[in-house]
Structures are given as structure tokens and as C-alpha cells.
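Next come the chains, spelled out residue by residue.
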Amino acid sequence: MEIIANPTSGKNKGEQVIREVTHYLNSRNISYNVHITESKGHARKLTETLCRKGAKTIVALGGDGTFHEVLNGMDFSTSRLGFVPAGRGNDYAFGTGISLNPTEAIAAIVAGTPMDTDYIQVDTARCLNIAGTGLDVEVLQHTAHKKNSITYTTSLIHCLLHYSCYPVTVTHNSISKEYKCIMVGVCNGSQFGGGLKLSPMSNNKDGLLDIVIIEKPKNIPAVFVVPSFAKGKHITKSFTTHFQCTQIDIDTKAPIELDGEIYTDLQFKAHIVAGGCKTFAPLA
């Protein structure tokens, strides 16, 4: 078992999670190696190297950013990926049933029951949870390295007060439509930003993308949508468009974010890779 660990994730929560995981493995005489990430992009490089060397099980220990990097380094033809959450938001874990208890999370990986889940392919990059453009990128840039539910929500309110809608063209099933958006989310998981339920209906094993397009409300200030947005109740509102598909093209000049990581060099062309993430089932 190869563990790629970010000790600084979750305001250094990663250090404690590493101790709990290694204690569990040591107490059961389970062989493992811990590889500590040292900089942005290091987790992906470590993963690529370990896959080339024939690692059968790779464990991502950290927050959603660490999960994202390891996902993008995986060779699923040879290796299977396990997740141990150690971030502040842990949005992917919350939305998909991965235990937030480090001992339970590593125990599920040790049990080794295989489970295949979906991921999103966006141009040349993989996305585990949510890909988006618009307000989510603005908020991420505003919060920088201070992402948690309080700072994210505060920044969301700030950005809504100052944000201008912009046009995007959304194409699926050969039909194009232009929207003046606050944001567009292409979702495999259900929440982001430390608990904001962008797509509460999402299921990462259904082989479908959930597309959530939020336009500026016509009769109320946009900032007033935050309470319904936080609880996932925006889906039924008139300013929200939701549909499911397997692939979508979004024409935008704005940056996009994948799992909270901002990209400026990708085309927002996305499709679901059904069952592409070879992982492990949670404990029953």
C-alpha cells in the first residue's frame, strides 16, 4: 500500500490523520509506505511514479485538492485508488459516503472490496467532484488559501454583491443555448465550498453529469439566494436550470475550476467516465 499524504491539509489536520492511519496499519502488521507531498503538483508526480513502478493500491490522504492531484496521476489499468479525508471541507467525502473517520476510511481500503465510481474528464484533466465556471472561480480566488465553510460563504456573499453576469454558450445533444450566468456547475459530487449543496441529487455511480446553471434572479437581489443555495433548495427556483447528460461543451472565456483547483488553459469540454475511478467500497 502506497500512501500519498499532505500533512498540511485541513490546517495541518493531515499530520494527525497520518498518525491515526499508520497506527492502524502498524497494529495489524500491514505493509505500507508514506510519501509526503512537498509542493503543488507533487502528489500527481508521486502517483505517476508509483503507478509506473506497479503499485496496486494508492491512498490519497488529504483534502479535495490532494484527491484531485492523485486522481490525475492514476493509471487505473494497474492501480486502485483509496481516499482518506483530511481536509477542512471534505466535500467529496461528504457527498459520496467516504468515512470522515480516518480509521474507518483506511479500514475500508484494507478490506479491499472493489467499487467503481465515475469521474469527469474535462479536456485533458480529470475531475472527481465538481467542475465549474463563474462565481465559484471568483469565490475561490477571493478566499485563496482560507477555504472553509465560513470564509467561503462570506466570500460568496461578497462576490454576489459585486459580481456581473457574463454570457456562456452551453451545448449538448447538438443543441446550443446562451445563458447570462452567475455560474455553471458540471457535477459528479453533490457539494463544494465546505458544504454548499450545489447539486444535492448527484450520484457518482449513475454514469451521468448533473448540470446546474444559475442565472441572476429577476425580482430579488442575487445575494438573497445564498440561504437556498447553501441548503440545495435553489434547484427548483426559476433562476436555476438543471439537467443530466453524459457530455457537454461550455464556451466561456473565464477560468474554470476542477475540485477547487483553478485552470486557465483548459477548454470546458466535459464528459463522464462511467466507472472510471477504481476505488474501494465503504465499510457496511
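Parameters and conventions
Residues numbered from 1 in each chain as written. Predicted model: local features only at pLDDT ≥ 70, side-chain atom pairs only at ≥ 80, totals over all residues. Heavy atoms only, no water. Helix = DSSP H or I, 4+ residues; strand = E, 2+ residues; numbered from the N terminus. Buried < 20%, exposed > 50% of the residue type's maximum accessible area, 1.4 Å probe, protein only. Contact = heavy atoms within 4.5 Å. Areas by Shrake-Rupley, 256 points an atom, 1.4 Å probe, with all protein chains shown as cover. Axes fitted to C-alpha atoms, helices over the stretch in contact; angles between N-to-C directions. Left-handed = near helix turned anticlockwise from the far one by under 90°. Nonpolar A, V, L, I, M, F, W, Y, C, P; charged D, E, K, R; others polar. Pairing = 2+ DSSP bridges. Arc of directions from axis to C-beta. Salt bridge = Lys/Arg side-chain N within 4 Å of Asp/Glu carboxyl O. Parallel < 35°, antiparallel > 145°, perpendicular 65-115°, else oblique. Core = buried A, V, L, I, M, F, W, Y, C linked by side-chain atoms within 4.5 Å. Lys, Arg positive; Asp, Glu negative; His and termini not counted. Polar contact = N/O pair within 3.5 Å; in protein donor to acceptor, adjacent residues only side chain to side chain.

Q: Even after reading the chapter, I still don't get the overall build of the protein, so can you show me in this structure?
A: Of the regular secondary structure elements, the protein holds eight helices and 15 strands. Across the 284 residues that make up the protein, the buried fraction comes to 55%. In the protein, of all internal contacts separated by at least 6 residues, the share reaching a separation of at least 24 is 72%. Here the protein has roughly 13000 Å² of accessible surface; of this, 50% comes from carbon and sulfur atoms.

Q: Is there a simple way to think about the packing of helix 2 (residues 42-52) against helix 3 (residues 64-73) in this case?
A: Think of two packed helices as two axes; the pair is described by the angle between the axes and how far apart they sit. Between helix 2 and helix 3, whose axes approach to 7 Å, the crossing angle comes to 35 degrees. Crossing handedness for the pair helix 2 and helix 3: right-handed. For the pair helix 2 and helix 3, the contacting residues are His42, Ala43, Arg44, Thr47, Glu48 and Cys51 in the first and Glu69, Val70, Asn72 and Gly73 in the second. Split by residue class, the contact of helix 2 with helix 3 holds three nonpolar, four polar and three charged.

Q: What exactly am I supposed to notice about the sheet that holds strand 2 (residues 33-36) here?
A: Strand-to-strand pairing in sheets goes through backbone hydrogen bonds, with the strands running parallel or antiparallel. Overall, parallel pairing links the four strands, which are arranged 2-1-3-4 in an open sheet. The open sheet is flanked by strand 2 and strand 4 (80-85), the only strands paired with a single partner. Between one strand axis and the next, the sheet turns through 25 degrees on average, direction left out of account. Judged from the four bridges that link them, strand 1 (residues 2-5) and strand 3 (residues 57-62) form a sheet pairing that is parallel. Of the residues in strand 3, the one forming a bridge with Ile4 is Ala60. Sheet contacts for helix 2: strand 1, strand 2 and strand 3; angle to strand 1, the most-contacted strand, approximately 170 degrees.

Q: Just to check I follow, could you spell out helix 2 for this structure?
A: A turn of α-helix holds 3.6 residues, and therefore any two residues three or four places apart point the same way. All buried positions along helix 2 are accounted for by His42, Ala43, Leu46, Thr47, Leu50 and Cys51. Along the axis of helix 2, the buried residues cluster in a sector spanning 165 degrees; they form a single face. In helix 2, the exposed positions that point more than 90 degrees away from the buried face belong to Lys45 and Arg52. At its buried positions, helix 2 is contacted by strand 1, strand 2, strand 3 and helix 3. One or two steps after helix 2, the chain reaches Gly54, where phi turns positive at roughly 95 degrees.

Q: Just checking my understanding: could you explain the pattern of salt bridges for this structure?
A: Side chains that differ in charge, positive against negative, can pair when their charged atoms come close. As enumerated under the stated definition, the model contains five salt bridges in all. One salt bridge connects Arg80 with Asp116, and the closest N-O pair in it is separated by 3.2 Å. Separated by 36 residues along the polypeptide, Arg80 in strand 4 and Asp116 in strand 5 (residues 114-122) bring together distant segments of the chain. You can call Asp116 partly exposed: its relative accessible area is 36%. In this structure, the salt-bridge partner of Lys269 is Asp249, at a minimum N-O distance of 3.4 Å. Of the two residues, Lys269 is situated in strand 15 (residues 268-280) and Asp249 in strand 12 (residues 247-251); the sequence distance between them amounts to 20 residues.

Q: Looking at this model, I keep getting lost on the packing of helix 1 (residues 9-27) against helix 5 (residues 102-111). Mind explaining?
A: Two elements in contact, helix 1 and helix 5, have axes whose closest approach is 9 Å; the angle formed by their N-to-C orientations is 45 degrees. Taken as axis vectors, helix 1 and helix 5 run oblique relative to one another. Crossing handedness for the pair helix 1 and helix 5: right-handed. Note on element contacts: helix 5 touches helix 1 through Pro102, Thr103, Ile106, Ala107 and Val110, opposite Val17, Glu20, Val21, Tyr24 and Leu25.

Q: Please explain the nonpolar core as it appears in this structure.
A: Nonpolar side chains in soluble globular proteins tend to end up buried together. Ranked by size, the top nonpolar core spans 26 residues in total, and within it Val122, Val186, Ile248 and Leu258 carry the most contacts. At four residues, strand 9 (residues 175-187) tops the list of elements feeding residues into this core. Once residues within four sequence positions are removed from consideration, Leu258 is found in contact with His68, Val122, Ala125, Arg126, Cys127, Ile130, Ala131, Tyr263 and Leu266. Core analysis: the next-biggest nonpolar cluster, separate from the first, contains 21 residues, Cys51, Ile58, Val70 and Cys277 among them.

Q: Whenever I open this one, the side chain of Asp210 confuses me. Can you help?
A: Structurally, Asp210 is set in strand 10 (residues 209-215). Of the buried charged residues, Asp210 lacks a salt bridge, with Lys205 as the closest side chain of opposite charge at 12 Å. Within polar-contact distance, the side chain of Asp210 engages the side chain of Ser202 at 3.2 Å. A polar contact is formed between the side chain of Asp210 and the side chain of Gln244, at a distance of 3.2 Å. The contacts of Asp210, once residues within four sequence positions are left out, are Gly185, Val186, Cys187, Ser199, Met201, Ser202, Asn203, His242, Phe243 and Gln244.

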